[in-house]
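Overview (structure and organization)
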Amino acid sequence: MAEAGDRGGLDSYRSPLASRYASPEMCFVFSDRFKFRTWRQLWLWLAEAEQDLIILRNAFDLLLPKLARVISRLADFAKERADLPTLGFTHFQPAQLTTVGKRCCLWIQDLCMDLQNVTRVREELRFRGVKGTTGTQASFLQLFEGDHQKVEQLDKMVTEKAGFKRAFIITGQTYTRKVDIEVASVLASLGASVHKICTDIRLLANLKEVEEPFEKQQIGSSAMAYKRNPMRSERCCSLARHLMTLVMDPLQTASVQWFERTLDDSANRRICLAEAFLTADTILNTLQNISEGLVVYPKVIERRIRQELPFMATENIIMAMVKAGGSRQVHRFLEEEVYPLLKPYESVMKVKAELSL
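Rules of the game
- Residues numbered from 1 in each chain as written.
- Predicted model: local features only at pLDDT ≥ 70, side-chain atom pairs only at ≥ 80, totals over all residues.
- Heavy atoms only, no water.
- Salt bridge = Lys/Arg side-chain N within 4 Å of Asp/Glu carboxyl O.
- Helix = DSSP H or I, 4+ residues; strand = E, 2+ residues; numbered from the N terminus.
- Buried < 20%, exposed > 50% of the residue type's maximum accessible area, 1.4 Å probe, protein only.
- Core = buried A, V, L, I, M, F, W, Y, C linked by side-chain atoms within 4.5 Å.
- Contact = heavy atoms within 4.5 Å.
- Pairing = 2+ DSSP bridges.
- pLDDT = per-residue confidence, 0-100.
- Phe/Tyr/Trp six-rings, centres within 6.5 Å; stacked < 30°, edge-to-face > 60°.
- Lys NZ or Arg CZ within 6 Å of the ring centre and 35° of its normal.
- Expected span 1.5 Å × (residues − 1).
- Arc of directions from axis to C-beta.

1. Looking at the pattern of salt bridges
- Taken as a whole, this structure holds 17 salt bridges when the rule is applied.
- With a closest N to O distance of 2.8 Å, E211 and R228 form a salt bridge. One end of the pair, E211, is in strand β3 (residues 210-211); the other, R228, is in the loop between β3 and α9 (231-245), with 17 residues separating them in the sequence.
- Among the residues examined, R228 registers a relative accessible area of 42% and is labelled partly exposed.
- Here R261 ties to D265 by a salt bridge, and the two come within 3.1 Å at their closest N and O atoms.
- Residue R261 is classed as partly exposed on the basis of its relative accessible area of 25%.
- Through salt bridges with shared partners, a single network forms among R120, E124 and E182.

2. Structural notes on the nonpolar core
- Core analysis: the largest hydrophobic core is formed by 72 residues, its most contacted members being F60, L111, V183, L187 and F277.
- Discounting residues that sit within four places of it in the chain, V183 has contacts with L56, F60, V121, L125, L273 and F277.

3. Remarks on the pairing of strand β2 (residues 93-99)
- Where strand β1 (residues 85-90) meets β2, 5 bridges bridge the pair, whose relative direction is antiparallel. Across the sheet, the residue bridging to T90 is Q93, located in β2.
- Two successive antiparallel strands, β1 and β2, enclose a turn made up of 2 residues, where H91 displays a positive phi of approximately 60 degrees.

4. Side note on the confidence of the model for the protein chain
- Of all residues in the protein chain, 80% have pLDDT values of 70 or greater, and the mean over the chain is 83.
- In the model, residues 1-6 has pLDDT below 50 throughout and makes 3 contacts with residues more than four positions away in sequence or in other chains.

5. Description of the side chain of T279
- Inspection of the secondary structure assignment puts T279 in helix α11 (residues 266-291).
- A residue is classified by how much of its surface remains accessible, and T279, at 0% relative accessible area, is buried.
- With residues up to four places along the chain from it excluded, the contact list for T279 reads L17, L239, H242 and L243.

6. Quick notes on the packing of aromatic side chains
- Applying the stated criterion to the full structure yields 6 aromatic pairs.
- When the ring of F60 is compared with that of F277, the centres are 5.1 Å apart and the planes differ by 75 degrees; the resulting orientation is edge-to-face. Of this pair, F60 sits in helix α4 (residues 51-80) while F277 sits in helix α11, and the two are 217 residues apart along the sequence.
- Among the residues examined, F60 registers a relative accessible area of 0% and is labelled buried.
- For F277, a relative accessible area of 0% gives the class buried.
- Seen from the ring of Y175, R177 lies directly overhead, with NZ or CZ sitting 4.7 Å from the centre.

7. Observations regarding helix α7 (residues 148-161)
- Taking 1.5 Å of rise per residue, the 14 residues of α7 would be expected to cover 20 Å, and the 20 Å separating its terminal C-alpha atoms lies within 8% of that figure.
- Looking at α7, one finds that the buried residues are V151, L154, D155, V158 and T159. Around the axis of α7, the buried residues are gathered within 130 degrees of arc, so they sit on the same side. Facing away from the buried side of α7, by more than 90 degrees, are the exposed residues Q149, E152, K156 and K161.
- Elements in contact with the buried residues of α7: α6 (138-143).
- Remark: G163 follows α7 within two positions and exhibits a positive phi of approximately 90 degrees.

8. Quick look at the side chain of S193
- Assignment of secondary structure puts S193 in helix α8 (residues 178-207).
- The contacts of S193, once residues within four sequence positions are left out, are D110, L111 and D114.

9. Quick word on unusual backbone geometry
- The phi dihedral of H91 is positive, around 60 degrees, even though this residue is not glycine.
- Under the relative-accessibility criterion, H91 is labelled exposed at 78%.
- One non-glycine residue, F259, adopts positive backbone phi at about 50 degrees.
- Relative to the assigned elements, F259 resides in the loop between α10 (248-255) and α11.

10. Considering the environment of N268
- Relative to the assigned elements, N268 resides in helix α11.
- The class for N268 is partly exposed, based on a relative accessible area of 24%.
- In this structure, the C-alpha to C-alpha distance between N268 and D249, residues 19 residues apart in sequence, is 7.2 Å.
- Discounting residues that sit within four places of it in the chain, N268 has contacts with D249 and T253.

Written as structure tokens, this is what we have:
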């Protein structure tokens, strides 16, 4: 059995996010080396307990360009296929026509909202500043012999030196843990967007209309080599669910902070915030790979449109009837009288579509 102090080798747990998925840059931000380097710098700046804000800011600075890059890649994809008709789905049932590019714009719009929110939270991060052990600045007032102006100048100087525009006016021993809620929330929202995008891609892969990139040496399945499993999209969905659940940690932590501070936030924050950024980093890296190699099969899309075209035409019939003064109860008429007449036509269209492929 490994000794209690043994933290390396094959005898201790290593997060797969750090060892397999997340980028080296994001891992370094949460590494002991960066933490200790930050502590030394903060000591030079005469600040206490400031490293958390710095870490969050630097982590956001790594995520934002990656998110922007994914949006850019998807925008290129949407432009190229803006005029390619495809069958739209509501309730995952055939509906009206849309285009492949238009559907991609639904994904882009969500990610743009995430980009705005992540940028906002990053810009609103404030430094704790020189506030002392309970937020009263008493020790600094004593150091400067009661000169409030000098304490305020020191607070401003340290804040600017750390690269922040603003510091908190009021703190306890730590900055308010509601900041962590904001941080985790925008990352969880990003996770929801990625999960929706990758779920759509997985469903389209089943329909054989669109699929993620498939490498030359990639094997679809250990038992069924012909399969083309959407492995990257599945990984994104799996990790996105993990990311979405992490917001509960800072919510509960902020709610139980007693008075100026308790220490039951420390171990929790050390895990959940790091995991949130590592997970977001991983899914953005993977989604970029997916977005740069999406494959579209127009012939399959065309065949599905042809199969549903007779039924989509009934909407125009309804509109014409209503315009002529008829009731929307014609739905019943269509179901009982018109749809049965279309069944043979549907079969013919299906055969023709299959032969055309």
